[in-house]
Amino acid sequence: MIIKVLIGITFGIITGMSITTMFVPKDTILIELFLTKITATSIITGVVCGIYAHFTKSKLQTFMVSILIGIAVFYIKYFITGHHYDPLNMGAFVGAILGGIFTIIKKFKQSINVHSKIQKYQENGFSN
């Protein structure tokens, strides 16, 4: 679970900083991009999505619920701070990116598991 939370934090930072670059002036330094409300909200979304991705088995459910988590976290940020950069679209966008990343990771792990089982069976003589 810690690895998925760290993945959520990492990709939350990357996503948040990428979105923030669209709204700030060109001469902004990197640390200011990291300290914005959008990046912080993306990090929180990444943590919650990582926790959810750990407990669910379905890839589609991980993706869809991550979108809902993103919308919920961005709306909570909107109600607390009044930061009005369209929380519905930004939350859905960040949730979709993070949900897609966790879905790809699950699919990749599943493919590796299937490949290793096939290799094990072939080593034991169950090949065609």
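Below is a short write-up of the structure. Quick caveat, the model's predicted, so the values are computed rather than measured. (Residues numbered from 1 in each chain as written. Predicted model: local features only at pLDDT ≥ 70, side-chain atom pairs only at ≥ 80, totals over all residues. Heavy atoms only, no water.)

Side note on the overall build of the protein chain
The criterion, for reference: Runs of H or I in DSSP of at least four residues are treated as helices and runs of E of at least two as strands, each being numbered from the N terminus. Atoms counted for the radius of gyration: C-alpha only. Globule rule: 2.2 Å times residue count to the power 0.38. Relative accessibility under 20% of the residue-type maximum defines a buried residue, over 50% an exposed one, and the middle range a partly exposed one, all with a 1.4 Å probe and only protein chains included.
If you tally the helices and strands in the protein chain, you get five helices and zero strands. Moving toward the C terminus, one meets the helices and strands of the protein chain in the order α-α-α-α-α. A compact globule built from 128 residues would reach a C-alpha radius of gyration of about 14 Å, whereas the protein chain, at 18 Å, exceeds it by more than 25%. The proportion of buried residues among the 128 residues of the protein chain is 34%.

Points about the nonpolar core
This is how it is decided: To form a nonpolar core, buried Ala, Val, Leu, Ile, Met, Phe, Trp, Tyr and Cys residues must be joined to one another through side-chain atoms within 4.5 Å. Any two residues whose heavy atoms approach within 4.5 Å at even a single point are treated as in contact.
Membership of the largest hydrophobic core is limited to six residues, which are Ile19, Ile38, Phe74, Met90, Val94 and Leu98. Considering every element that reaches this core, the biggest residue donor is helix α5 (residues 87-123), with three residues. Not counting chain neighbours up to four residues away, the residues in contact with Phe74 comprise Ile38, Thr41, Ser42, Thr45, Pro87, Met90, Gly91 and Val94. Judged by nonpolar contacts, the second largest core, of five residues, contains Cys49, Ile69, Val73 and Phe102.

Thoughts on the packing of helix α1 (residues 2-20) against α5
Rules: Between the N-to-C directions of two axes lies an angle of 0 to 180 degrees, each axis being a line fitted to C-alpha atoms and, for a helix, fitted only over the stretch in contact. When an angle is under 35 degrees it counts as roughly parallel; over 145 it counts as roughly antiparallel; between 65 and 115 it counts as roughly perpendicular; any other value is oblique. Helix crossings are classified by the rotation of the near helix relative to the far one: an anticlockwise turn of less than a right angle makes the crossing left-handed, while a clockwise turn makes it right-handed. The nonpolar class holds Ala, Val, Leu, Ile, Met, Phe, Trp, Tyr, Cys and Pro. Asp, Glu, Lys and Arg form the charged class, and all remaining residues, Gly among them, are polar.
Two elements in contact, α1 and α5, have axes separated by 10 Å at closest approach and are oriented at 140°. Looking at the two axes, α1 sits oblique to α5. Classified by chirality, the crossing of α5 by α1 is right-handed. Note on element contacts: α5 touches α1 through Met90, Phe93, Val94, Ile97, Leu98, Ile101, Phe102, Ile105, Lys106 and Lys109, opposite Lys4, Ile7, Gly8, Phe11, Gly12, Thr15 and Ile19. Here the contact of α1 with α5 is composed, by residue class, of 11 nonpolar, three polar and three charged.

Brief notes about the layout of surface pockets
What counts, and what does not: Cavities and pockets were defined on a 1 Å grid built over protein atoms only: a cavity is a set of grid points that admits a 1.4 Å probe from which the probe cannot escape, a pocket is an open set flanked by protein on both sides within 12 Å along at least five of seven lines, and lining residues are those with an atom within 4 Å of any such point. Grid points are joined across faces, edges and corners, and a volume is the space filled by probe spheres set on the points.
Computed from the structure, the largest pocket encloses a volume of approximately 210 Å³. Considering the residues around the largest pocket, the lining is formed by Lys4, Ala53, His54, Thr56, Lys57, Lys59, Lys106, Lys109, Gln110 and Asn113. In terms of residue count, the dominant contributor to the lining of the largest pocket is α5 (four residues). Residues belonging to the lining of the largest pocket are distributed by class as follows: one nonpolar, four polar and five charged.

Notes on a nonpolar patch on the surface
The test is simple: Surface patches are drawn from residues lacking salt bridges whose relative accessible area is over 30%; two like charges belong together within 9 Å, two nonpolar side chains (Val, Leu, Ile, Met, Phe, Trp, Tyr) within 5 Å. All accessibility values rest on the Shrake-Rupley procedure with a 1.4 Å probe; residue burial counts only the protein chains present in the view. Between Lys or Arg on one side and Asp or Glu on the other, a salt bridge is scored when a side-chain nitrogen of the former is within 4 Å of a carboxyl oxygen of the latter.
There is a patch of nonpolar side chains on the surface, built from Ile29, Ile31, Phe34 and Leu35 and spanning about 400 Å² of accessible area. Of note, Ile29 is situated in the loop between α1 and α2 (30-34).

Concerning α1
Where we set the bar: Expected helix span is computed as 1.5 Å times (number of residues minus one).
Over its 19 residues, α1 extends 26 Å from the first C-alpha to the last, a length consistent with the 27 Å expected when each residue adds 1.5 Å. Among the residues of α1, Lys4, Val5, Gly8, Gly12, Thr15, Gly16, Met17, Ile19 and Thr20 are the ones counted as buried. Residues of α1 that are buried in the fold lie against α2, α3 (37-55) and α5.

Details of the side chain of Lys77
On the secondary structure map, Lys77 appears in helix α4 (residues 59-81). Apart from residues lying up to four places away in sequence, Lys77 is in contact with Lys37, Thr41, Gly82 and His83.

Regarding α3
The end-to-end C-alpha distance of α3 is 28 Å, a good match for the 27 Å that 19 residues give at a rise of 1.5 Å each. Along α3, the residues classified as buried are Ile38, Thr39, Thr41, Ser42, Ile43, Thr45, Gly46, Cys49, Gly50 and Ala53. Buried residues in α3 make contact with α1, α2, α4 and α5.

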